[in-house]
Amino acid sequence: MRIVTKALATAAAAAALTVGGQLPTQAVVVPEHAVIVCQSASFYANYDSSSGPSGLVRVLSYGDKVGHTRGAHPVYNGWAATFDFGPNDWGYVRQECLGGYGSW
């Protein structure tokens, strides 16, 4: 009986660790369709809170199709995490250059 009790206690502890130790599943947030509303917008690979954007990837033009989900994707000091639907990559663009949400 002692071995069975010990085995059950070990199994219960392992189950508790498995359930309690799991990271919560994060929902994938598909970028909301938007467009660049500035004449041109620099698209940077990274953003560092101490130095700002870095790694210029390209310059986007007025009307380029991008994605950013307000309230779900981060914005740091006016630099919004943005998905460029052309080459399918992520970067940072000035938030005021994003507009036309849901227009395409």
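Residues numbered from 1 in each chain as written. Predicted model: local features only at pLDDT ≥ 70, side-chain atom pairs only at ≥ 80, totals over all residues. Heavy atoms only, no water.

Caption draft 1: Examining the overall build of the protein more closely. A tally of helices and strands in the protein yields one helix and eight strands. When its helices and strands are written in sequence order, the protein yields α-β-β-β-β-β-β-β-β. Expressed as a percentage of the 104 residues in the protein, the buried residues total 28%. Pairs at least 24 residues apart make up 56% of the contacts formed inside the protein by residues separated by at least 6 positions. Working note: accessible area of the protein is about 6,900 Å², and carbon and sulfur atoms make up 58% of it. (Helix = DSSP H or I, 4+ residues; strand = E, 2+ residues; numbered from the N terminus. Buried < 20%, exposed > 50% of the residue type's maximum accessible area, 1.4 Å probe, protein only. Contact = heavy atoms within 4.5 Å. Areas by Shrake-Rupley, 256 points an atom, 1.4 Å probe, with all protein chains shown as cover.)

Caption draft 2: The state of the cysteines, seen in detail. Evaluation of the coordinates by the stated rule reveals one disulfide. Two residues share a disulfide in this structure: Cys-38 and Cys-97, whose sulfurs sit 2.0 Å from each other. Linking Cys-38 and Cys-97, the disulfide has an S-S dihedral of approximately -90° and is accordingly described as left-handed. Residue Cys-38 is located in the loop between β1 (33–36) and β2 (40–48), and its partner Cys-97 is located in the loop between β7 (89–94) and β8 (98–99); the two are separated by 59 residues in the primary sequence. Assigned by exposure class, Cys-38 and Cys-97 land together as buried. (Disulfide = S-S within 2.5 Å.)

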